[in-house]
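The chain contents come next:
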Amino acid sequence: MSRDLSDNLDNLQVLIRRIEDGLKDRSYEDYLNDQDLQDATTYRLSMLGEITGKLPDDVKERHSDIPWDKIRGLRNVASHDYFSIIPDMVWEGTRSLEPIKQMIREELARIEAERRSRDGGRTR
């Protein structure tokens with residue numbers, strides 16, 4: 001279970017890094033005028049929603065401040081009704097990644113602490 005969770009958290013980090021790298025030094029107007037950037041960002045947020053849907057309930061409960069339903073909802077719209085996506089929805093989603101980044105840091109630290117406890121405090 002920890003391995004799957006760890007893999008999903010790592011994948012979330014990759015997606016967030018790609019979203020942030022794609023939007024680095026880009027304004028909202030730049031975003032609106034770049035259809036490829038909009039598509040890439042929407043896709044990455046959709047994949048973020050897909051992965052968060054695989055997170056265990058206890059993780060979501062520990063981080064109840066994160067709007068899990070909205071994240072999953074954006075994924076559903078992007079996957080099933082792409083042409084109804086409003087650029088503002090996606091842009092706002094990119095502005096709300098910090099709580100997810102914090103959750104990832106906390107959960108990876110928790111996994112590492114559990115591993116150390118099982119291994120008697122030995123490091124890798």
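Residues numbered from 1 in each chain as written. Predicted model: local features only at pLDDT ≥ 70, side-chain atom pairs only at ≥ 80, totals over all residues. Heavy atoms only, no water.

If you check an unreviewed UniProt entry, the protein appears there as DUF86 domain-containing protein from Hankyongella ginsenosidimutans.

(A) Looking closely at the side chain of Lys 60. The residue Lys 60 is located in helix H4 (residues 57–62) in this model. At 4.7 Å, Asp 57 is the nearest oppositely charged side chain to Lys 60, a buried residue that forms no salt bridge. Setting aside residues up to four positions removed in sequence, Lys 60 forms contacts with Thr 52, Gly 53, Leu 55 and Trp 68. (Helix = DSSP H or I, 4+ residues; strand = E, 2+ residues; numbered from the N terminus. Buried < 20%, exposed > 50% of the residue type's maximum accessible area, 1.4 Å probe, protein only. Lys, Arg positive; Asp, Glu negative; His and termini not counted. Salt bridge = Lys/Arg side-chain N within 4 Å of Asp/Glu carboxyl O. Contact = heavy atoms within 4.5 Å.)

(B) Structural context of the packing of helix H3 (residues 35–52) against helix H6 (residues 87–94). At a closest axis distance of 10 Å, the pairing of H3 and H6 adopts a crossing angle of 60°. By the angle between their directions, the pair H3 and H6 is classed as oblique. Here H3 runs over H6; the crossing is left-handed. Facing H3, whose interface residues are Gln 38, Thr 41, Thr 42 and Leu 45, H6 presents Pro 87, Val 90, Gly 93 and Thr 94. The class makeup of the residues in the contact of H3 with H6 is three nonpolar, five polar and no charged. (Axes fitted to C-alpha atoms, helices over the stretch in contact; angles between N-to-C directions. Parallel < 35°, antiparallel > 145°, perpendicular 65-115°, else oblique. Left-handed = near helix turned anticlockwise from the far one by under 90°. Nonpolar A, V, L, I, M, F, W, Y, C, P; charged D, E, K, R; others polar.)

(C) Summary view of H6. Those residues of H6 lying buried are Val 90, Trp 91 and Thr 94. What you see down the axis of H6 is that its buried residues fit within an arc of 100°, all on one side. (Arc of directions from axis to C-beta.)

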